[in-house]
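Read off the chains here:
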Amino acid sequence: MRVLVIGSGGREHTLVWKLAQDSCRPQLFCAPGNAGTTALATNLPIAAEDVPALLAWAKQNRPDLTVVGPEAPLCAGVVDAFADAGLRVFGPCRAAARMEGSKQFAKDVMRAAGVRTARAESFSDAAAAIRALAQFSLPVVIKADGLAAGKGVVIAATRDEAAQAIRSMLEQKIFGTAGATVLLEEFLDGEEASILALVDGERTALLPSSQDHKRVFDADQGPNTGGMGAYSPAPIVTPDLLPQIRDHIILPVVRELKRRGIVYQGLLYAGLMIGPRGPQVVEFNCRFGDPETEVVLPRLKGDLIPLLQACIDGTLSESLVRVRPEPCATVVMASGGYPGSYQKGIAITGLDDAAKLKDVCVFHAGTAMKDGAVVTSGGRVLAVTALGKDLKSAVGLAYEGVAAIRFVGAHFRKDIARRAFAR
Ligand code: AMP
Ligand code: GLY
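Computed from a predicted model, the values in this text were never measured in an experiment.

A. Region of the structure containing the overall build of the chain. Counting secondary structure elements, the chain contains 14 helices and 24 strands. Counting across all 423 residues of the chain, residues that qualify as buried make up 57%. Put simply, 69% of the contacts in the chain that link residues at least 6 apart link residues at least 24 apart. Accessible area for the chain stands at about 16900 Å²; split by element, carbon and sulfur atoms hold 52% of it. If the 47 positive side-chain charges of the chain are averaged to one point and the 44 negative ones to another, these points end up 1 Å apart.

B. Broad picture of the pattern of salt bridges. Evaluated as defined, the whole model comprises 23 salt bridges. The residue R287 makes a salt bridge to E71 at a minimum N-O spacing of 2.8 Å. Of this pair, R287 sits in the loop between β17 (278-285) and α10 (292-296) while E71 sits in helix α3 (residues 71-75), placing them 216 residues apart in sequence. With respect to burial, R287 and E71 carry one shared label: buried. Connected via shared salt-bridge partners are D220, R413, D415, R418 and R419.

C. Local environment of the nonpolar core. The biggest cluster of nonpolar side chains holds 81 residues, and the ones touching the most others in it are M99, I250, F284 and L382. Non-local contacts of F284, meaning those with residues more than four positions away in its chain, are made with M99, E100, M110, I249, I250, V253, L268, Y269 and A270. Listed in part, the 35 residues of the second largest apolar core include V3, L308, C311 and L387.

D. Broad picture of unusual backbone geometry. Note the cis peptide between A31 and P32, where omega equals 0°. For P32, the position within the fold is in strand β2 (residues 27-32). The residue after L138, namely P139, is reached through a cis peptide bond having omega -5°. Tracing the chain through its elements places P139 in the loop between α7 (126-132) and β7 (140-144).

Rules used throughout
Residues numbered from 1 in each chain as written. Chains lettered and ligands numbered in written order. Predicted model: local features only at pLDDT ≥ 70, side-chain atom pairs only at ≥ 80, totals over all residues. Heavy atoms only, no water. Helix = DSSP H or I, 4+ residues; strand = E, 2+ residues; numbered from the N terminus. Buried < 20%, exposed > 50% of the residue type's maximum accessible area, 1.4 Å probe, protein only. Contact = heavy atoms within 4.5 Å. Areas by Shrake-Rupley, 256 points an atom, 1.4 Å probe, with all protein chains shown as cover. Lys, Arg positive; Asp, Glu negative; His and termini not counted. Charge placed at Lys NZ, Arg CZ, Asp CG, Glu CD. Salt bridge = Lys/Arg side-chain N within 4 Å of Asp/Glu carboxyl O. Core = buried A, V, L, I, M, F, W, Y, C linked by side-chain atoms within 4.5 Å.

Structure below.
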């Protein structure tokens, strides 16, 4: 069996790593992949966003399954293009991917489905948006409607700051067309958690819960990043919450989409805020989370391909998901300067030493090969991951892995899973 994975981050290395263990021993391809995926897959020099080139390769090489990692190709319709060519592909079609591609669309669907989420209003006129600020208490959340690579959210402590964010999106157009509509949103209090839900158009099977660490510095200080670490399970997601999340969040959304003629097949990621009144939705993503995937997939027992196939075939059942009891943690090592600007091409040492540690897995996020050596090529460079008999051991092992690895400028959070330990 031949499987193509689209993307180049830690999520895709983890997908490749998990798929490589499937009992059918698939032949793997990764477009474009990174230095980590080269050990398990053939990297293809095709950008994840280049849908025509991906399609051309797939038409010629006929993979039996394609798994799409990032949101950009999903929102650009890569699944529709592959499906039209008779290729089997895991991921939502373009219309369904709007759950991530348009925050306004996601809010409409949630409203119609009766899913609890922050109150929001959308605007395309800056003056009208600024007038409406009076109706929101502080802090207030300002969001670009479209894809802004995780940078489109401002939590404004004052109305001046909010007005400035509105003007930067609607007038200065800092996010281009992605910011042509903005949402003003009520601020939600609580603790965040991520639920990755497999969906087959009708049914869902939730994967184990996890928690991301979005801010760059310890104690959740500093600017937002793509995610500086994660762990699974997240104890804030108590077992009684899982059926609630399935029945009052995931399934109502899937049904509402179906009512609109949109079949959601693939992974639906619910970013939740869990407060005293239970979970509310902060956002939906149309794909596996990153770095959540790095801690969720190692906890799955058995093969991944049958789960993905069941989503495509409409034969999903919860019994297909079997979970190992061991918790998993990942620590992201980032380039100096990230999430601001950073240098690339810096040599990384110690990867072999980290790999020798039992139960430690180093997933590459932003790496490349240069003259036979592994160098940095992105902001998030590595996701150093470990399973442990309990969360403390998993986190401890992941940090042992981090300690073995060096590159100039590397920084990482030292408090991964602190919320779980504080409980
Ligand atoms: P998003 O891109 O929608 O996930 O937002 C990025 C981050 O901003 C989230 O992970 C939250 O930490 C924060 N955030 C977004 N919306 C809200 C909200 N309504 N209330 C509180 N925090 C929020
Ligand atoms: N970890 C957040 C995301 O994948 O969007």
